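Letter by letter, the chains look like this.
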Amino acid sequence: MKKYDYLIVGSGLFGSVFAHEMNKIGKKCLVIERRNTIGGNIYTEKTENINVHKYGAHIFHTNNEEVWQYINQFAKFNRFTNSPIANYEGKLYNLPFNMNTFYQIWGVKTPEEAKKVIEDEKKEYKTDNPSNLEEQAINLVGSTIYKLLIKGYTEKQWGKSCTELPSFIIKRLPVRFTYDNNYFNDLYQGIPIGGYTQIIEKLLEGIEVKLNTDYFDNKEKWDNIADKVLFTGMIDQYFDYCYGELEYRGLKFETEIKDTDNYQGNAVINYTERKIPYTRIIEHKHFENSESEKTIITREYPQTWEKGEEAYYPVNDAKNSELYNKYQKLAEKEPNILFGGRLGMYKYMNMDQVIEEALTLTKKENNMNL
Ligand code: FAD
Ligand code: UDP
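From a predicted model like this one, the values you see are computed outputs, not experimental measurements.

What follows covers the sheet that holds strand β7 (residues 91-94). Spatially, the seven strands line up as an open sheet ordered β7-β6-β12-β13-β14-β11-β15, and their pairing is mixed. The open sheet has two edge strands, β7 and β15 (313-314), and neither has a second partner. Sheet topology note: the strand β12 (residues 268-271)/strand β13 (residues 280-283) ladder contains three bridges and is antiparallel. The residue bridging Ile269 from the neighbouring strand is Ile281, located in β13. Helix-sheet contacts for helix α5 (residues 133-158) involve β6 (85-88), β7, β11 (248-258), β12, β13, β14 (295-304) and β15, and the interaxial angle to β6 is about 90°.

A word on the sheet that holds strand β16 (residues 337-339). Strands sit in the order β9-β2-β1-β10-β16 across an open sheet of five strands; the sheet is parallel. Of all the strands in the sheet, the pair left with one neighbour each is β9 (208-210) and β16. Each strand axis lies, on average, 20° off the axis of its neighbour in the sheet, ignoring direction. Where strand β1 (residues 4-9) lies against strand β2 (residues 29-32), four bridges are found, and the strand directions are parallel. From the neighbouring strand, Val9 faces β2, where its bridge partner is Ile32.

So, about the packing of aromatic side chains. On inspection of all chains with the given rule, the structure shows 33 aromatic pairs. Between Trp68 and Tyr188, the aromatic rings sit 5.2 Å apart at their centres with planes inclined by 10°, giving stacked as the arrangement. Highlighted residues: Trp68 in helix α2 (residues 65-71) and Tyr188 in strand β8 (residues 188-190), separated in sequence by 120 residues. On the accessibility criterion, Trp68 (12% relative accessible area) is buried. A centroid spacing of 4.9 Å and a plane angle of 80° characterise the contact between Tyr238 and Phe239, whose relative ring orientation is edge-to-face. Residues Tyr238 and Phe239 agree in their burial class; the two are buried. Counting every residue linked through ring pairs, the aromatic cluster contains Tyr215, Phe216, Phe231, Tyr238, Phe239, Tyr243, Tyr327 and Phe339. Of note, Lys307 hangs over the ring of Tyr241, and the distance from its end group to the ring centre comes to 4.2 Å. Positioned above the aromatic ring of Tyr243 is the side chain of Lys326, whose terminal nitrogen or guanidinium carbon lies 4.8 Å from the ring centre.

Rules behind the numbers
- Residues numbered from 1 in each chain as written.
- Chains lettered and ligands numbered in written order.
- Predicted model: local features only at pLDDT ≥ 70, side-chain atom pairs only at ≥ 80, totals over all residues.
- Heavy atoms only, no water.
- Pairing = 2+ DSSP bridges.
- Helix = DSSP H or I, 4+ residues; strand = E, 2+ residues; numbered from the N terminus.
- Contact = heavy atoms within 4.5 Å.
- Axes fitted to C-alpha atoms, helices over the stretch in contact; angles between N-to-C directions.
- Phe/Tyr/Trp six-rings, centres within 6.5 Å; stacked < 30°, edge-to-face > 60°.
- Buried < 20%, exposed > 50% of the residue type's maximum accessible area, 1.4 Å probe, protein only.
- Lys NZ or Arg CZ within 6 Å of the ring centre and 35° of its normal.

Structure below.
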């Protein structure tokens, strides 16, 4: 008999939801986490009475009723609506692409006028069957918006030319012919009042957690401690990069406390030109209207990812997806190791998708245990 039913590698959202559900049905779980904090990338920390999103802006949004009910068990959500502003060469534009943006760029006032300008711009580029992000973007919003608000931002975010990137990335953003600056189309949206860390704390209540513990420092010991392992780290690292390295995008966060109560007047401002090295500045207090005489801002700099550094984004293009499929085939041959989360499944997932996937895995495990 092993000491635990499940060893969970990683205390991010995926690992924590899985641990919580398994603990609830009486399974003995141990969570190990290589960072010195729980929560992975959704970790928030209070400074100057402001909940700081330590790993970038996290706005919860979903269309999935079950997921929304689920997360609401662990925090009360406010009615925050994400309405980022884009700054291109000092001029400001509304996001996502909507009638406000079209008016700011072309002076058009009706949906019909806006559609006509986009159609005319598209015609010039003949992008009927978009095969990459550039073609997809021009097809959606025309070449001017592509140049002002997409090309520079995307190329610095991903470190690749838009012609090499998959089109699905830009389809994440709505294009609307109404005056609506809500960045998301989802039915539910908000920020947990008091930050995200409380959610992870509640999910992990009554479960043993070891921080500062890297699974790979003593893999054999950890494998022998539990009947099954849920691994939420990088799947290629798990298999010792035997087919080669998957590509990730790194990030650097530069956080400053400012001696003013309002620095930029909005939670998120994107800098869409290529020559500004950061993609966005977030001002944390605006997520929750936090009362503070000071303010805290974070600049987000995309980085080339090097082995050994934190991997923030999987790069889901054709080449990497093919490589991932090979690792996934290996994973299928390991019945006692489960893979989950953004890095374990090598998938660009939002928090709601992560919860959905974790609950699906839980149900699968429960059926196997019956
Ligand atoms: P992670 O949070 O990466 O957790 C994995 C954990 O495993 C980490 O804590 C890591 O330290 C640990 N780990 C890895 N390897 C090992 C090892 N060998 N040993 C021990 N521990 C290990 N989603 C939204 O819905 N809305 C947003 O607004 C949003 N904004 C985002 C902004 C940024 C900048 C980023 C990077 C992501 C954003 N996301 C957003 C996505 C969101 O962060 C993820 O969906 C979610 O956090 C993924 O959870 P996870 O558990 O899969 O991964
Ligand atoms: N994007 C853009 N300009 C912007 C914001 C986003 O071109 O001002 C593109 C960019 O390619 C980005 C994608 O849209 O990678 C998805 O944006 P999202 O805000 O969903 O990115 P995330 O928050 O996941 O980094």
